[in-house]
Amino acid sequence: MRRRLIQLAATLLTNPHAANFLSGKLYRGELKNLCAPGLNCWSCPAATFSCPIGAMQAGGTYGAGVTLIIGVLLGRAVCGFLCPFGLIQELLNKIPSPKLKLPRSLTAAKYFLLIIFVLILPVAGKLGEPAFCEYICPAGTLEAGLPLIATHAEFRGVLGNLFALKVSILVAVIFGSVLVHRFFCRVMCPLGAIYGLLNRFSFYRLTCAADKCINCGRCRRACPLDLDPTKEFNSAECVRCGRCVAVCPTKALDAPLKAH
């Protein structure tokens, strides 16, 4: 419950202009020059801040620097506590349906997307072109594309194959998120890839006291990402949600914030 409240608060604090959804206007104040910690589209009518992935693709060092600083401080705790699109996925996963386990090999796809669409294409192609935002990002389609089309009739006449592709990706991500916990985070999110690489170095970290562990398996069963927290507490896939900490009977696992 505590983590859910933090997620909701973070979403509201980074998206306080909800009334803009009715008018289709965008906040363009000075705060738009700053990056939110999580994935949150610059063009979302409610957004106050920029997306760090969008800022990185713009060709400046600011977005990369902010992302690295946040990653060193929090690692993927950003995904578990502060990312609005992470919250959306968790809520989608609560829809009654069969739940599937994700093959570990698929989690490597987000690193491919990071390298190709965030690091290479914006430099090799037109400098500053936001390739990931333009061709893939389902968060941008949901938070910005669909709301702006709904409020701006002039945009509807220029929709083409690219928009159809992005809507198809969004539908696939929604469907995947219903079936698999945090599908986009695990398979497609380049920001999660960066934070994941910094998980083992971040100040916010999960720890395991081996001398207290009784190998009861409760933490493994509680982990929504199919990890073994006693062995993979530094995994790049761990979003520091704290569920394993909450169920550990001997307090062998610990984190700065608990799930409940």
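Residues numbered from 1 in each chain as written. Predicted model: local features only at pLDDT ≥ 70, side-chain atom pairs only at ≥ 80, totals over all residues. Heavy atoms only, no water.

### Examining the overall build of the protein chain
When you go through the protein chain residue by residue, the secondary structure sums to 15 helices and 2 strands. Taking 260 residues into account, the globule formula puts the C-alpha radius of gyration at 18 Å, and the protein chain, at 19 Å, falls close to it. Overall size of the protein chain, expressed as C-alpha extent along the three principal axes, is 65 × 40 × 35 Å. Sequence-distant contacts, at least 24 apart, represent 73% of the contacts inside the protein chain between residues at least 6 apart. (Helix = DSSP H or I, 4+ residues; strand = E, 2+ residues; numbered from the N terminus. Rg over C-alpha atoms; globule rule 2.2 N^0.38 Å. Contact = heavy atoms within 4.5 Å.)

### Digging into the packing of aromatic side chains
Each aromatic ring pair is specified by the distance between its two centres and by the angle formed by the two planes. All chains considered together, the criterion is met by 2 aromatic pairs. Geometrically, the ring pair formed by Phe-85 and Phe-184 is edge-to-face, given 5.2 Å between the ring centres and 90° between the ring planes. With Phe-85 in helix 6 (residues 84-93) and Phe-184 in helix 12 (residues 183-187), this pair connects stretches of sequence that are 99 residues apart. On the basis of relative accessibility, which here comes to 3%, the residue Phe-85 falls in the buried class. Between Lys-32 and the ring centre of Trp-42, over which it is positioned, the NZ or CZ distance is 4.4 Å. (Phe/Tyr/Trp six-rings, centres within 6.5 Å; stacked < 30°, edge-to-face > 60°. Buried < 20%, exposed > 50% of the residue type's maximum accessible area, 1.4 Å probe, protein only. Lys NZ or Arg CZ within 6 Å of the ring centre and 35° of its normal.)

### Focus on the pattern of salt bridges
Taken as a whole and assessed by the stated rule, the structure comprises 8 salt bridges. Of the charged contacts, one joins Glu-237 and Lys-110 as a salt bridge, the two residues approaching to 2.8 Å between their closest N and O atoms. Of this pair, Glu-237 sits in the loop between helix 14 (218-222) and helix 15 (243-247) while Lys-110 sits in helix 7 (residues 109-124), and the two are 127 residues apart along the sequence. One exposure class covers both Glu-237 and Lys-110, and it is buried. A single salt-bridge network, built from bridges that share partners, covers Arg-3, Arg-4, Glu-90 and Arg-182. (Salt bridge = Lys/Arg side-chain N within 4 Å of Asp/Glu carboxyl O.)

### Things to note about the layout of surface pockets
Here the idea is plain: a probe the size of a water molecule rolls over the atoms and shows the empty space left. Quantified by volume, the largest pocket comes out at close to 660 Å³. Around the largest pocket sit 30 residues that line it, and Cys-41, Ser-43, Ala-144, Gly-145 and Lys-166 are the ones nearest its centre. For the lining of the largest pocket, the secondary-structure elements that each account for two or more residues are helix 3 (52-57), helix 8 (131-135), helix 9 (138-151) and helix 11 (161-179). For the lining of the largest pocket, the element with the highest residue contribution is helix 9, accounting for 6 residues. Of the residues that constitute the lining of the largest pocket, the class distribution is 18 nonpolar, 9 polar and 3 charged. In this structure, the second largest pocket spans a volume of roughly 340 Å³. (1 Å grid on protein atoms, 1.4 Å probe; cavity = no way out; pocket = protein on both sides within 12 Å on 5 of 7 lines; lining within 4 Å. Points joined across faces, edges and corners; volume = space filled by probe spheres on them. Nonpolar A, V, L, I, M, F, W, Y, C, P; charged D, E, K, R; others polar.)

### Things to note about the packing of helix 6 against helix 11
Here helix 6 crosses helix 11 at 60°, and the two axes come no closer than 7 Å. Considering the angle they form, helix 6 stands oblique to helix 11. Every pair of crossing elements has a handedness; the one defined by helix 6 and helix 11 is right-handed. In contact with Phe-85, Gln-89, Leu-92 and Asn-93 of helix 6, helix 11 contributes Val-173, Ile-174, Ser-177, Val-178 and Leu-179. Class assignment of the residues belonging to the contact of helix 6 with helix 11 gives a composition of 6 nonpolar, 3 polar and no charged. (Axes fitted to C-alpha atoms, helices over the stretch in contact; angles between N-to-C directions. Parallel < 35°, antiparallel > 145°, perpendicular 65-115°, else oblique. Left-handed = near helix turned anticlockwise from the far one by under 90°.)

### Some details on empty space enclosed by the protein
This model, assessed by the stated rule, comprises 3 cavities of 30 Å³ or more. Roughly 130 Å³ of internal volume is contained in the largest cavity. Around the largest cavity, the lining is made up of 18 residues, and of these Leu-206, Cys-223, Cys-238, Cys-241 and Cys-244 lie nearest the centre. Partitioned by chemical class, the residues of the lining of the largest cavity number 14 nonpolar, 1 polar and 3 charged. Of the voids in this model, the second largest cavity is the one considered here, and its volume is about 100 Å³.

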